[in-house]
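What the coordinates show
Below are the chains, spelled out letter by letter.
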Amino acid sequence: DQQVKQNSPSLSVQEGRISILNCDYTNSMFDYFLWYKKYPAEGPTFLISISSIKDKNEDGRFTVFLNKSAKHLSLHIVPSQPGDSAVYFCAASAGAAGNKLTFGGGTRVLVKP
Amino acid sequence: GAVVSQHPSWVICKSGTSVKIECRSLDFQATTMFWYRQFPKQSLMLMATSNEGSKATYEQGVEKDKFLINHASLTLSTLTVTSAHPEDSSFYICSARDPLTPSFEGYTFGSGTRLTVV
């Protein structure tokens, strides 16, 4: 039972354009969501997060939107840069920090120069 | 920022042998560490939660006798893959939480270990 899903395994976008990554979840107990960026043979690095009490969080070129009623979140990267090419995972947690994270399957982003 | 060191970064072992992977928090004390496994082009799957000074909590379907976890100190957790088989070949990643960072941003991942069993 996959509680966090990223239905697009890959995404190709032109440099300077917007990248939109989507994530859906099924567990209504999830109340904190994170996006991680991962390069091959490396561990994930934290990108941006959002609490369920918010519907938007912005940090520079990265914005995460949360639609609780639809159990859907998205990550917008604008403008996309070649260095953004990586695999992006969304993750979710229920309860306070210290609880486990449940990851989606990842979306591979390729930003073309 | 918080740093988690994972060693080795890659290892090749013969079928039937055991392999130990270390995860160290370098500049903070981690009462809780997490061990993940990632198959090619798949997500990170949580294997177990490692608690300092107590037994690890394993996720459903993970064989605790095969994947031995020890968290003997606040800065070190080890994962031992016992009697390894080719199907254990995978990318293993640990994560540690800095308790002084109150949110999930305090989770830091190691760089992972590529295990190949031949």
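Below: a short report on this structure.

The rules behind each value
- Residues numbered from 1 in each chain as written.
- Chains lettered and ligands numbered in written order.
- Predicted model: local features only at pLDDT ≥ 70, side-chain atom pairs only at ≥ 80, totals over all residues.
- Heavy atoms only, no water.
- Buried < 20%, exposed > 50% of the residue type's maximum accessible area, 1.4 Å probe, protein only.
- Helix = DSSP H or I, 4+ residues; strand = E, 2+ residues; numbered from the N terminus.
- Pairing = 2+ DSSP bridges.
- Contact = heavy atoms within 4.5 Å.
- Buried area = accessible area lost by both parts, 1.4 Å probe.
- Salt bridge = Lys/Arg side-chain N within 4 Å of Asp/Glu carboxyl O.
- Nonpolar A, V, L, I, M, F, W, Y, C, P; charged D, E, K, R; others polar.

**Notes on the pairing of strand 11 (residues 113-117) of chain B**
Residues and elements named next belong to chain B.
- The alternating pattern of strand 11 places Thr113, Leu115 and Val117 on a buried face, while none of Arg114 and Thr116, on the opposite face, is buried.
- As paired strands, strand 2 (residues 10-13) and strand 11 are joined by 4 bridges and run parallel to one another. In the strand pairing of strand 11, Ile12 is matched with Thr116.

**Observations concerning unusual backbone geometry**
- The omega torsion of the bond from Val78(A) to Pro79(A) falls at -10°, within 30 degrees of zero and hence cis.
- Among the secondary structure elements, Pro79(A) is positioned in the loop between strand 8 (72-77) and strand 9 (86-93).
- Cis geometry is adopted by the peptide bond preceding Pro8(B), which originates at His7(B) and carries an omega value of 0°.
- Its place among the elements puts Pro8(B) in the loop between strand 1 (4-7) and strand 2.

**Some words on the interface of chain B and chain A**
- Each side of the interface is counted separately: chain B has 19 residues, and chain A has 22 residues.
- When chain B packs against chain A, the two sides together hide about 1,700 Å² of surface, and 65% of this comes from carbon and sulfur.
- On the chain B side of the interface with chain A, the three residues burying the most area are Phe104(B), Glu105(B) and Phe109(B), jointly 37% of the side's total.
- Scanning the region where chain B abuts chain A turns up 1 salt bridge.
- Lys100(A) is the partner of Glu59(B) in a salt bridge, and the nearest nitrogen-oxygen pair spans 2.6 Å.
- Counting only elements with at least two residues in the side of chain B that touches chain A, the list comes to strand 4 (32-38), strand 5 (44-51), strand 9 (90-97) and strand 10 (107-109) of chain B.
- Class assignment for the residues of the side of chain B that touches chain A results in 10 nonpolar, 6 polar and 3 charged.

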